[in-house]
Amino acid sequence: MRMQNLAARLIALTAIAGVYPAAIAQEDKKAVEVLAGARKAIGGKKLDSLKTLSVQAAMQRNAGNFQMNSDLELFLELPDKYMRSESSSNAMVNMANTLGFNGDRPLKSNGPAGIASGGGMIIRMGGPGGPAVGSGDKPTPEQQQQIDRQMVRSARHDISRLMLGWFGMTHPSLSAQYTYAGEAESPDGKAYVIDVKNADGFAARLFIDENTQLPLMLTYHGPQPRIVTAGGPRPAPGGAQPAPQGQTRQVTEEERKKLAADADKQIREMEEQPPVMVEYTLFFNDWREEDGIKFPHALRRASPTESVSQSRKNWRLESTA
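Presented here is a report on the structure given in the accompanying data block. (Residues numbered from 1 in each chain as written. Predicted model: local features only at pLDDT ≥ 70, side-chain atom pairs only at ≥ 80, totals over all residues. Heavy atoms only, no water.)

Below, the discussion takes up the pattern of salt bridges. Enumeration over the complete set of coordinates arrives at nine salt bridges. Residue Glu86 pairs with Arg61 through a salt bridge whose shortest N-O separation is 3.0 Å. Of the two residues, Glu86 is situated in strand S3 (residues 81-89) and Arg61 in strand S1 (residues 50-63); the sequence distance between them amounts to 25 residues. Look at Glu86 and you get buried, because its relative accessible area is 3%. One network of salt bridges, with partners in common, ties together Arg61, Arg84 and Glu86. (Salt bridge = Lys/Arg side-chain N within 4 Å of Asp/Glu carboxyl O. Helix = DSSP H or I, 4+ residues; strand = E, 2+ residues; numbered from the N terminus. Buried < 20%, exposed > 50% of the residue type's maximum accessible area, 1.4 Å probe, protein only.)

All right, on to the pairing of strand S10 (residues 203-209) then. Counting buried positions along S10 yields five of seven residues, so the element is predominantly enclosed. Both strand S9 (residues 189-197) and S10 contribute to a ladder of seven bridges, which runs antiparallel. Within S10, the position partnered with Val193 by the bridge is Phe207. Here S10 runs beside strand S11 (residues 215-223); their pairing, made up of four bridges, is antiparallel. Within the sheet, the bridge partner assigned to Leu206 lies in S11 and is Leu218. From the end of S10 to the start of S11, which pair antiparallel, there are five residues, and Gln213 there has a positive phi angle of about 70°. (Pairing = 2+ DSSP bridges.)

Below you can see the structure in the form of structure tokens.
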């Protein structure tokens, strides 16, 4: 609870007063010292020999009145494999989405939402770091190469943000630079602040509790998620009332085509507009030790328009001998 209060208060204070300036000559050295202390607190030498990590979690996403529960699986194998798979099936949306990379090749398995019980459809697109994907013409080989590079870049940024909170480091492919940005203070305690950047556009700010040496939270800027909604509750055949919530009705082929056309139109309109950039905050909570390694079993991502919470069901970390 103390770490949650400290993280919350740090957000308010840093927004008002910023962080104390660091001595330029000592910035990089201090950053190395702080991150070394965090890695020692998390797992020490076991982290230095990290080989694979697998995580299973339950996730809840809230955006306005929209709420979706899903199952999340993450798999990381250093130095060059990562997979993030999310699936959900409920009365409003059926979704399966996978992102990641194998070396320089992206994992491309992703699918939009399915038809909901009342004929509605929801497609989430353009989330943090992710490109908006429409349903227009097939891209040229050159365009596909550009899309593939962007997908790999986004996936590397995605896992690097998590690795900063889990292990005090980014994915090795980023070649990130760490700079000591100063100290943030609240009534609940103090936190070291580390800025993390690379030449490919990655940028994040990591807050590390001075008392526990464990990561508290991470902030970064990214595109605001976009939501496409098509259709809605439709009358049942013969003018009867729509099926009660939780019950399903077969959607006709004509309705399905209209829903797809409505969604396609919205996607094309969205793609013509630049994404709105917002600040995201990742909170790392409920640290528990298992086999000599501490790991946060609760993670929450917050932005001005949505909140996403993850609770770990299971996790496994393997190191080289």
